[in-house]
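# Per-entry structural report
Letter by letter, the chains look like this.
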Amino acid sequence: MSYGGNMNFSDHQIGIYAQGMFTDRTPKITTDLANLEDQAAATLSPEALGYIVASAGSGSTARANRAAFEQWRIAPRMLRGSAERDHSCTVLGTTMPAPLLIAPVGIQTLAHPEGELATVRAAAALGVPYIHSTQASHSFEQVAEAGGDAPRWYQLYWPTDQSVLLSFLQRAKNTGFTTLVLTLDTTLLGWRPADLNRGYLPFLANLGIENYLTDPAFLAGLDESVEANPVAAAMHWAQMFPNPGLSWSQLAFLRENWDGPIVLKGICTVGDARLAAEHGVDGIVVSNHGGRQIDGARASLDALPEIVDAVGDQLTVLFDSGVRTGADMAKALALGADAVLLGRPFLYGLALDGQAGVDHVLRCILAEFDLVTSLSGHTGAAELSRESVIRS
Ligand SMILES: Cc1cc2nc3c(=O)[nH]c(=O)nc-3n(C[C@H](O)[C@H](O)[C@H](O)COP(=O)(O)O)c2cc1C
């Protein structure tokens, strides 16, 4: 299948049927994207499962994220001539085959030994932009090498050590990351019982801190090498990661030190969306971190329409938290998102079959999205609008 220009995502559906009927081969991983989690759960260690699947507190926000999608139904229109379809778009200067990006997710080696390298390769092959987490298990440089010239953005957790912050920004620039995504909702880790009950925080075993461990400014703060004293390295990270003092006034500093677009991730209210616009950023991600931070926070999808109404003409509005299927993607775009970030599902694909698993999940969600939009009378993602959905 060719992914250049006007792509035929739903060829993937025909391909699966043809393989089944003519070569007796069926997909290794389920095509039922909403149930990927169950299949992945069988392969993950209890620690990885707890870290990836579980959410903050009672899990109420994660459940609300999914329930919010049930509150909106697609309102299909007929006879609209959607034989030719084009979902491609340009978001903050990055061109992509459809309005879909890989969400920043830390410590991907918990899911698969190749971690981020497998993900970035799968994303690059399809032209889907990859967002690199500050808490990754591979460094900027390793990911850039694996991703080649495919589009990539960088997600920043703002460390309290300014020399490390500046070094991260410089390394991201040097290695071809074009847009900066500053995550606001994790200045402290949320209350996560699945990890707490195991006393399990992978960062303290030096997992997911590879960007730091390869950073000259970070290493300059250690008295001994990481190999000689790994615990001291983890403690050095633990002392600069929490940043609850972060405030709006600091954004100007980021602007001075980053040339490309800046996106704020974790916006859940109209008030903060307006502040983001006033502070001159280029975009926001309406997100509650997949319910991993504040138990009881509102569903991300519930916040989306009012935020789009308030700032959609000034800012690029991205969306995540709860997207599982192509239909979910269509609903979020119909409610005004310029693009969506795919979180846990790609990680389940990674857990199940490495790069091929991420490829499978991306192809499936894009195929389903193409079918849903076509069947409901749209010739491309750009045609989705509030008229495409109706409140249940
Ligand atoms: C295991 C895991 C690790 C994550 N790590 C990060 C991270 O390092 N930085 C970040 O901004 N968001 C992180 N997120 C949040 C995702 O970017 C995204 O907001 C979330 O997965 C969306 O929710 P969903 O997966 O339920 O759709 C992580 C999510 C998961 C599941």
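Residues numbered from 1 in each chain as written. Predicted model: local features only at pLDDT ≥ 70, side-chain atom pairs only at ≥ 80, totals over all residues. Heavy atoms only, no water.

What follows covers the overall build of the chain. Along the backbone of the chain there are 16 helices and twelve strands. For 392 residues, the compact-globule estimate of 2.2 N^0.38 gives 21 Å, and the chain sits close to it at 20 Å. Its C-alpha atoms give the chain principal-axis dimensions of about 70 × 50 × 40 Å. Looking at the chain as a whole, 56% of its 392 residues are labelled buried. In the chain, once contacts between residues fewer than 6 apart in sequence are set aside, the share between residues at least 24 apart is 74%. About 15700 Å² of surface is accessible on the chain, with carbon and sulfur atoms providing 52% of the total. (Helix = DSSP H or I, 4+ residues; strand = E, 2+ residues; numbered from the N terminus. Rg over C-alpha atoms; globule rule 2.2 N^0.38 Å. Buried < 20%, exposed > 50% of the residue type's maximum accessible area, 1.4 Å probe, protein only. Contact = heavy atoms within 4.5 Å. Areas by Shrake-Rupley, 256 points an atom, 1.4 Å probe, with all protein chains shown as cover.)

Moving on, we come to the site of the ligand. Taken together, 23 residues surround the ligand, and among them Pro104, Ser133, Thr183, Arg324 and Arg344 come closest. Aspartate 320 has a polar side-chain atom sitting 2.7 Å from an oxygen atom of the ligand. Protein chains shield 98% of the accessible area of the ligand, which is 600 Å² for the free molecule. Broken down by secondary-structure element, the contributors of at least two residues to the shell around the ligand are helix 3 (46–53) and helix 16 (344–375). Taken together, the residues of the shell around the ligand break down into eight nonpolar, ten polar and five charged. (Near = heavy atom within 4 Å. Polar contact = N/O pair within 3.5 Å; in protein donor to acceptor, adjacent residues only side chain to side chain. Nonpolar A, V, L, I, M, F, W, Y, C, P; charged D, E, K, R; others polar.)

Looking now at unusual backbone geometry. For residues besides glycine, phi is generally negative; the peptide bonds are generally trans as well. You will see that leucine 92, though not glycine, has its phi angle at about 50 degrees, which is positive. With respect to the helices and strands, leucine 92 occurs in the loop between strand 2 (89–91) and strand 3 (94–96). Even without being a glycine, isoleucine 107 presents a positive backbone phi close to 40 degrees. Mapped onto the secondary structure, isoleucine 107 falls in the loop between strand 4 (100–102) and helix 5 (115–126). The exposure class of isoleucine 107 is buried, given its relative accessible area of 2%.

The next thing to look at is the pattern of salt bridges. The final tally for this structure, using the stated rule, is eleven salt bridges. The partner of aspartate 353 in a salt bridge is lysine 28, with the nearest N and O atoms 3.2 Å apart. Within this pair, whereas aspartate 353 is found in helix 16, its partner lysine 28 is found in the loop between helix 1 (11–23) and helix 2 (36–41), the two being separated by 325 residues in sequence. Under the relative-accessibility criterion, aspartate 353 is labelled partly exposed at 25%. Between arginine 73 and glutamate 70 there is a salt bridge whose closest N-O contact spans 3.1 Å. Accessibility expressed as a relative area gives 38% for arginine 73, which makes it partly exposed. Salt bridges sharing partners connect three or more residues here, namely Glu141, Arg171 and Asp215. (Salt bridge = Lys/Arg side-chain N within 4 Å of Asp/Glu carboxyl O.)

Going through the model one piece at a time under the given rule, you end up with twelve aromatic pairs. Each ring, one from phenylalanine 69 and one from phenylalanine 319, has its centre 6.1 Å from the other, and the planes form 75 degrees; the classification is edge-to-face. Taken together, the residues span a long stretch of sequence, with phenylalanine 69 in helix 4 (residues 60–70) and phenylalanine 319 in strand 10 (residues 316–319) at a distance of 250 residues. With a relative accessible area of 0%, phenylalanine 319 lands in the buried category. Within the aromatic cluster, the residues linked to one another by ring pairs are Phe140, Tyr154, Phe168, Phe177, Tyr212 and Phe218. The residue whose ring lies beneath arginine 152 is phenylalanine 177, and the NZ or CZ to ring-centre distance is 5.4 Å. We note arginine 292 situated over the ring of tyrosine 51; from NZ or CZ to the ring centre the distance is 5.0 Å. (Phe/Tyr/Trp six-rings, centres within 6.5 Å; stacked < 30°, edge-to-face > 60°. Lys NZ or Arg CZ within 6 Å of the ring centre and 35° of its normal.)

Among the nine residues of helix 15 (residues 326–334), nine are classified as buried, and the element is accordingly described as predominantly covered. Buried within helix 15 we find Gly326, Ala327, Asp328, Met329, Ala330, Lys331, Ala332, Leu333 and Ala334. The opening residue of helix 15 is threonine 325, an N-cap whose side-chain oxygen sits 3.3 Å from the backbone nitrogen of alanine 327. Downstream of helix 15 by a residue or two, glycine 336 has a phi angle that is positive, lying close to 115 degrees.

Okay, helix 6 (residues 140–147) next. Burial in helix 6 covers these residues: Phe140, Val143, Ala144, Ala146 and Gly147. The arc that holds the buried residues of helix 6, viewed along the axis, is 165 degrees, so those residues lie on one side. Buried positions along helix 6 lie against helix 5, strand 5 (130–133), strand 6 (152–156), helix 7 (162–174) and helix 9 (210–213). Of the residues flanking the end of helix 6, it is glycine 148, one or two places downstream, whose phi is positive at about 60 degrees. (Arc of directions from axis to C-beta.)

What follows is about the pairing of strand 5. The two faces of strand 5 match: Tyr130 and His132 on one face and Ile131 and Ser133 on the other face are all buried. As defined by bridge partners, strand 5 adjoins strand 6 across four bridges and the pair is classed as parallel. Bridged to isoleucine 131 within strand 6 is tryptophan 153. For the segment spanning strand 5, helix 6 and strand 6, crossover handedness is right-handed. (Pairing = 2+ DSSP bridges. Right-handed = clockwise from strand over helix to strand, strands pointing away.)

All right, on to the side chain of histidine 289 then. Position of histidine 289 relative to the elements: it lies in the loop between strand 9 (283–286) and helix 14 (300–311). Engagement of the side chain of histidine 289 in a polar contact is seen with the side chain of threonine 186, the distance being 3.1 Å. With residues up to four places along the chain from it excluded, the contact list for histidine 289 reads Tyr157, Thr183, Asp185, Thr186, Arg192, Lys265, Asp320 and Ser321.

Burial along strand 10 is two-sided: Thr316 and Leu318 facing one way and Val317 and Phe319 facing the other are all buried. Two elements, strand 9 and strand 10, share four bridges in a ladder whose sense is parallel. Paired with glycine 283 across the strands is threonine 316, a residue of strand 10. Between strand 9 and its parallel partner strand 10, the chain crosses via helix 14, and the hand of that crossover is right-handed. Here strand 10 pairs with strand 11 (residues 339–342) via two bridges, running parallel. Paired with leucine 318 across the bridge in strand 11 is alanine 339. Regarding topology, helix 15 serves as the crossover connection from strand 10 to the parallel strand 11, and that connection is right-handed.

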